[in-house]
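Results of the structural survey
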Amino acid sequence: MAPPETERVTPLLEVESLTKHFPVRRGLFGWSPQLVRAVDAVSFTVEAGGTLGLVGESGCGKTTTSRLILGLERPTAGTIRFEGRDVLALDREGVRHYRRSVQAVFQDPYASLDPRMRVGAVVAEPVVINTNLDAAARRRRVAELLDLVGLPERSASLYPHEFSGGQRQRIAIARALALSPRLVVLDEPVSALDVSIRAQILNLLRDLQKRLGMSYLFIAHDLAAVAHMSRSIAVMYLGQIVEWGDADAVALEPRHPYTKALFTAALPADVDAPREEVVLIGEVPSPLAPPSGCRFHTRCPFVMPHCATQEPALRSESGRLVACHLY
Amino acid sequence: MVPTVVAVKDLQTHIVTRWGTLKAVDGVSFTVAEGETLGIVGESGSGKSMTCLSIVRLVPRGAARIVGGQILLDGENLLTKSEDAMQQIRGRKVGMILQDPMSSLNPVFSVGMQVREPVGMYHGLRGRALTERATELLASVRIPSPGARLRAFPHQLSGGMRQRVVGAMAIAAPPRLLIADEPTTSLDLTIQMQYLGLLKELQERHRLAMIFVTHDLGIVARICDRVAVMYGGRIVEIGPVRRIFKSPAHPYTRALLDAIPRLGARRDRLTTIEGQPPDLVALPPGCAFAPRCPHAIERCRRESPPETVVAPEHATRCWLNGPA
């Protein structure tokens, strides 16, 4: 599947029909055939040097998607291709290369750093495991990485608790960059930070991308931030992508009713500008028993009779892909 | 003239710590009228939650103390009331909704028991009449099949439904003032929007004065009439929401508005506020924002700026806005 409105170059990461079902234990006696369809036939690409924003509410499958890409879960079906090669069919050496090339930064910098390790050791750990640099070269690499994220060299001898939330997130970023990855998965990287610190980290991430040329998979629920950071945006609902395309197009002229509802919540540039407001009724249905037809039809303000029976496919519409019977 | 429900005047709340006395709230003044929503925004440690807790006199006992000012609720000063009198005011006159509904609800009692308790207390109802009233209350916060939900326990409800139960309890009286401290922060985006709509509806029905604490300026733009921006325990700017968004007077407000990504205003870089939020134990003698302010002059570091009115209803504390 080609990304809409972009030239066809070999993308860094290609995800095709990616599916992950979790079996659920029910009651006291053994397993039942019930499945949580956490990710259901999801396809997208991440270009080299580009950013894909992945948006959705809790339970939509965005974190499971990132865990599949990070190799922390094995997909039930589908393929992940990195640099054109099937990640699931890699040999030992290939897996090592892949793990070095794909790194992650998580939401809570209080939980993601070992409190008993000095910052120097935290940042150096990936280097120690994956390379055979000597101690002096490792120290130089750590100093270089700390400088890259805007922390003084002496930070290396301190412990994580001596840093504020924003500084800790810088440490987590330095660690993620230690092996010069080609793709960094950013899972809600600024959600735990104060507003004035968020801007610092978002700027840092963009500067680093410009300097080092890696790609980002940016997962967040702050839509204005996603629109700011991303070249393209994919919106997920109950394990499926409902809209995917150029970031400006999706953010400013959303087509899928669910995307519209999400972007209704974001702060516009002009508070007086008239906007289409979509407020949804009801709650997200259980992924154990997703609704028939279009999974969104139970909450959709524009629902039509055939929405309940026919599942809409992702189709090209105004320069992006949308899965909705309205178009 | 719409009657003023609450008037906070020069409120001072201090916290005594090992490292010294911390001025968590330092001379805060504002009013909220019937049917009006005042938003309070600020970063963590700016004093917004402590201001709210001071209004109901629930600041952490032992550590924190309200040392000055007045809180007038319908003209009566709450700071001179006895603890028994305050007990009658909390809930009846002032309702509260806090961030985490799971910590506002007791996990071992059914929703029904918890909703019936305040309803029985405020309206003197018992038995079937009480259950009917509790059911009506749950229906008024749009909880589907409210009668059945009375028998449910908090863990059986979703986050959004739990926060609705908390909302139902907060308006059971109904109160004159509703304090909502980050009520939607723990909720999913589409559920947030539903909840904000519900709060607006309840406010209109009961003509509630509402104080809405948040760090999300998108929510402020959506539901507040006026907004107070707090920094280092003080209100640095207060005024009508549209005016503050269009022509902010304080450098901190301006920086805050420039620091957040907005839809339809694609910029290469966001403006950042250099430095860290202030250390409340060691506040500088002048303006608390001076160390991070790009426009600070000598006077800012020496003297704390007074409140200056820059337009009708719009005031700020900044030497650059022309106080003598």
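Residues numbered from 1 in each chain as written. Chains lettered and ligands numbered in written order. Predicted model: local features only at pLDDT ≥ 70, side-chain atom pairs only at ≥ 80, totals over all residues.

Quick word on the overall build of chain A
Spelled out, the test is: Every helix listed is a DSSP run of H or I at least four residues long, and every strand listed is a run of E at least two residues long, numbered separately from the N terminus. Each radius of gyration reported is based on C-alpha atoms, and the globular scaling rule is 2.2 Å times the count of residues to the power 0.38. Our exposure labels follow a C-beta count within 10 Å of each residue's own C-beta, placed from the backbone: buried means 20 or more other C-beta atoms, exposed means 12 or fewer, and partly exposed covers the counts in between. In this description, a residue-residue contact is defined by the distance between C-beta atoms placed from the backbone, which must lie within 7 Å.
Each helix and strand counted, chain A has nine helices and twelve strands in total. Against the 2.2 N^0.38 benchmark of 20 Å for 327 residues, chain A shows a C-alpha radius of gyration of 21 Å, consistent with a compact globule. Over its C-alpha atoms, taken along the principal directions, chain A stretches across nearly 70 × 55 × 45 Å. The burial tally for chain A puts 46% of its 327 residues in the buried class. A sequence separation of at least 24 residues applies to 65% of the contacts in chain A between residues at least 6 apart.

Points about the overall build of chain B
The helix and strand inventory of chain B stands at twelve helices and twelve strands. Taking 20 Å as the expected radius of gyration for a compact globule of 324 residues, we find that chain B reaches 21 Å, a close match to that expectation. On the principal axes, the C-alpha backbone points of chain B span a range of 70 × 50 × 45 Å. Here chain B holds 324 residues, and 47% of them are scored as buried. In chain B, the share of contacts with a sequence separation of at least 24, taken over all contacts with a separation of at least 6, comes to 61%.

Some remarks on helix α1 (residues 62–69) of chain A
Residue and element names in this part refer to chain A. Of all eight residues that make up α1, six are buried, and the element is covered over most of its length. Residues K62, T63, T64, T65, L68 and I69 constitute the buried set of α1. Of the residues flanking the end of α1, it is G71, one or two places downstream, whose phi is positive at about 80°.

Looking at the sheet that holds strand β12 (residues 320–322) of chain A
All names here are of chain A. Applicable threshold: Two strands form a pair only when DSSP identifies at least two bridges running between them. Axis definition: a line fit to C-alpha positions, over the contact stretch in the case of helices; interaxial angles, taken between N-to-C directions, run 0 to 180 degrees.
Pairing in this open sheet of eight strands is mixed, and the strands run β6-β7-β8-β3-β9-β10-β12-β11 from one edge to the other. One side of each edge strand has no neighbouring strand; the edge strands of this open sheet are β6 (102–105) and β11 (315–317). Ignoring which end each strand starts from, the neighbouring axes of this sheet average 25° apart. Bridge count between strand β10 (residues 240–246) and β12: three bridges; the pairing is antiparallel. Opposite W244, over in β12, you have L321 as the bridge partner.

A few points about the interface of chain B and chain A
This is how the line gets drawn: When residue character is reported, Ala, Val, Leu, Ile, Met, Phe, Trp, Tyr, Cys and Pro are called nonpolar, Asp, Glu, Lys and Arg charged, and the others, Gly included, polar.
Counting residues at the interface gives 34 residues for chain B, matched by 32 residues for chain A. Of all elements in the fold, only α8 (189–206), α9 (217–223), α10 (241–246) and α11 (251–259) of chain B reach the threshold of two or more residues within the side of chain B that touches chain A. Of the residues contributing to the side of chain B that touches chain A, the split by class is 15 nonpolar, 13 polar and six charged.

Some words on unusual backbone geometry
Here the bond from A173(B) into P174(B) is cis, since omega is -10°, no more than 30 degrees from zero. When you line up the elements, P174(B) lands in the loop between α7 (159–170) and β7 (177–181). The backbone phi angle of A41(A) is positive, close to 55°, even though this residue is not glycine. Along the polypeptide, A41(A) turns up in strand β2 (residues 31–46). Positive phi, normally seen in glycine, also occurs at L238(A), with a value near 45°. On the basis of neighbour counts, which here come to 22 C-beta atoms within 10 Å, the residue L238(A) falls in the buried class.

Section: helix α5 (residues 165–177) of chain A
All names here are of chain A. Which entries qualify depends on this criterion: Helix span is expected to be 1.5 Å times the residue number reduced by one.
A rise of 1.5 Å per residue sets the reference length of α5, with its 13 residues, at 18 Å; its end C-alpha atoms lie 19 Å apart and thus fit the reference within 8%. In terms of burial, α5 is largely enclosed, as twelve of its 13 residues are buried. Regarding α5, the residues found buried are G166, Q167, R168, Q169, R170, I171, A172, I173, A174, R175, A176 and L177. In this structure, the buried side of α5 is in contact with β6, α3 (119–130), α4 (135–148), β7 (183–187) and α6 (195–212).

Here we look at the nonpolar core
Condition: Joined through C-beta atoms within 7 Å, a set of buried Ala, Val, Leu, Ile, Met, Phe, Trp, Tyr and Cys residues constitutes a nonpolar core.
Ranked by internal contacts, the top residues of the largest apolar core, which has 187 residues, are V123(A), L217(A), F218(A), L223(A), V235(A), V115(B) and L177(B). The residues touching V115(B), leaving out its near neighbours within four places in the chain, are A134(B), L137(B), L138(B), L150(B), V165(B), A168(B) and M169(B).

Quick look at the pairing of strand β8 (residues 209–214) of chain B
All names here are of chain B. The line we're drawing: Handedness is read with the strands pointing away from the viewer; a crossover is right-handed when the path from the first strand over the helix to the second is clockwise.
With respect to burial, β8 is a largely interior element, six of its six residues being buried. What you see with β8 is no split at all: A209, I211 and V213 on one side and M210, F212 and T214 on the other are buried throughout. Of the strand pairs in this sheet, strand β3 (residues 37–41) and β8 are connected by five bridges, and their pairing is parallel. Note on β8: the bridge partner recorded for T37 is M210. Note: β7 against β8, five bridges, orientation parallel. Following the sheet pairing, L178 is matched in β8 by M210. The parallel pair β7 and β8, bridged by α8, forms a crossover whose chirality is right-handed.

Quick word on the sheet that holds strand β12 (residues 314–316) of chain B
Residues and elements named next belong to chain B. Pairing in this open sheet of eight strands is mixed, and the strands run β6-β7-β8-β3-β9-β10-β12-β11 from one edge to the other. Every other strand in the sheet has two partners, leaving β6 (94–97) and β11 (308–311) as the edge strands with one partner each. The sheet shows a mean angle of 20° between the axes of neighbouring strands, direction not considered. As paired elements, strand β10 (residues 234–240) and β12 share two bridges and run antiparallel to each other. Among the inter-strand pairings, I238 is bridged to a residue of β12, identified as A315.

A look at the confidence of the model for chain B
Residue and element names in this part refer to chain B. Filter applied, for reference: pLDDT is defined as a per-residue confidence score from the predictor, taking values between 0 and 100.
Of the residues in chain B, 99% reach a pLDDT of 70 or more, and the chain-wide mean stands at 91. No element of chain B has a lower mean pLDDT than helix α3 (residues 101–104), which averages 87, and none a higher one than β3, which averages 97. Scoring of the predicted complex yields 0.88 for pTM and 0.83 for ipTM.

Concerning the pairing of strand β9 (residues 232–237) of chain A
Residues and elements named next belong to chain A. Summarising burial for β9: six of the six residues are buried, a large majority. Here β9 shows a buried face lined by S232, A234 and M236 and a second buried face lined by I233, V235 and Y237. Relative to β9, strand β3 (residues 51–55) runs parallel, the two being bridged by four bridges. Residue pairing across strands places V55 opposite V235, the latter belonging to β9. Judged from the six bridges that link them, β9 and β10 form a sheet pairing that is antiparallel. Its bridge partner being in β10, A234 is matched across the sheet by W244. Between β9 and β10, which pair antiparallel one after the other, the connecting turn spans two residues, and L238 there sits at a positive phi close to 45°.

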